[in-house]
Amino acid sequence: MKWMHRVRHNIFSVSVERNDLRKALDEWIYEGNMYDIEIAEEVCELCDHSNIRYQFEIINIHNKNKLLIGSECINKFKISVIDKTGNKLSNEEAKKKVNQDRNKLVTDAKIRGVINSLVQLSKVDENFEIDSFIKYFKENGAFTPKQLFTLIWRLGKYKVEFKKSNFKLSLKRSNNKQQLFEMEDWKVKTIWECLSSSQKEIYNSKKRVY
Ligand SMILES: [Zn+2]
């Protein structure tokens with residue numbers, strides 16, 4: 001249990017309690033401060049696990065020391081999770097909050113990635129009117145089929161770096177569905193990776209009817 005030695009060493013050096021691991025861990029709380037450092041190269045300051053991208057800040061209630069740790073360690077070591085009103089959450093609720101917080105970091109990073117690609121594209125493509133795309137994306141978190149095709153095609157043409165799976169399709173409005181069904185096959189193929197599995201099913205079942 002070499003890693004357990006590391007945990008003990010790491011936590012005792014910044015806690016008031018220096019002998020009992022559980023007591024030392026109970027001095028720490030997570031209040032919702034979390035950071036995405038964009039690349040997975042940090043080390044968990046509790047267990048020394050490497051390749052941490054999403055850092056969760058825990059604070060010692062006695063000496064205000066701080067540690068940046070991986071989200072798994074909050075659950076694994078049952079670090080107290082405190083909600084906005086200052087209440088300690090139950091184990092179940094704590095797990096849920098840590099998960100939600102982590103998902104938020106992941107989603108925010110995807111949104112930033114999409115907007116960065118659009119900004120890059122607008123710098124090299126004179127005919128690209130970025131404002132309407134960004135406006136729609138901010139309102140819907142996704143694009144219409146036509147917008148998506150335009151984007152994927154232009155991003156490729158101008159060799160702008162982008163992650164296709166971060167670009168999502170919105171089919172909430174019926175005219176968006178219509179747009180997709182009427183789109184030429186090769187265009188659908190271009191944006192296929194952007195469709196969720198249920199959207200792919202909707203498309204496939206509709207196409208079989210024709
Ligand atoms: Zn850890």
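Residues numbered from 1 in each chain as written. Predicted model: local features only at pLDDT ≥ 70, side-chain atom pairs only at ≥ 80, totals over all residues.

**Observations regarding the pairing of strand E1 (residues 28-36)**
A regular strand places its side chains so that they alternate between the two faces of the sheet. In the sheet, E1 pairs with strand E2 (residues 54-60) via six bridges, with the strands oriented antiparallel. Of the residues in E2, the one forming a bridge with tyrosine 35 is glutamine 55. Of the strand pairs in this sheet, E1 and strand E4 (residues 80-81) are connected by two bridges, and their pairing is parallel. Counted as the bridge partner of isoleucine 29 is serine 80 from E4. (Pairing = 2+ DSSP bridges. Helix = DSSP H or I, 4+ residues; strand = E, 2+ residues; numbered from the N terminus.)

**A look at the sheet that holds strand E3 (residues 66-69)**
Spatial ordering of the open sheet is given by E3-E2-E1-E4, a layout of four strands whose pairing is mixed. Edge positions in the open sheet fall to E3 and E4, since each of these has one partner strand only. Each of E1, E2 and E4 is contacted by helix H4 (residues 91-124), which is oriented at about 15° to E1, the strand it contacts most. (Contact = placed C-beta atoms within 7 Å. Axes fitted to C-alpha atoms, helices over the stretch in contact; angles between N-to-C directions.)

**Side note on the nonpolar core**
Leu46, Ile58, Ile69 and Ile74 are the most contacted members of the largest nonpolar core, which has 19 residues in total. Elements supplying a minimum of two residues to this core: helix H1 (2-12), E1, E2, E3, helix H3 (71-76) and H4. In this structure, leucine 46 is in contact with Val7, Asn10, Ile11, Leu67, Ile69, Cys73 and Phe77, ignoring residues within four places of it in sequence. If you look at the next biggest cluster of nonpolar residues, it comprises 18 residues, including Leu118, Phe167, Leu169 and Leu171. (Core = buried A, V, L, I, M, F, W, Y, C linked by C-beta atoms within 7 Å. Buried ≥ 20, exposed ≤ 12 C-beta atoms within 10 Å, placed from the backbone.)

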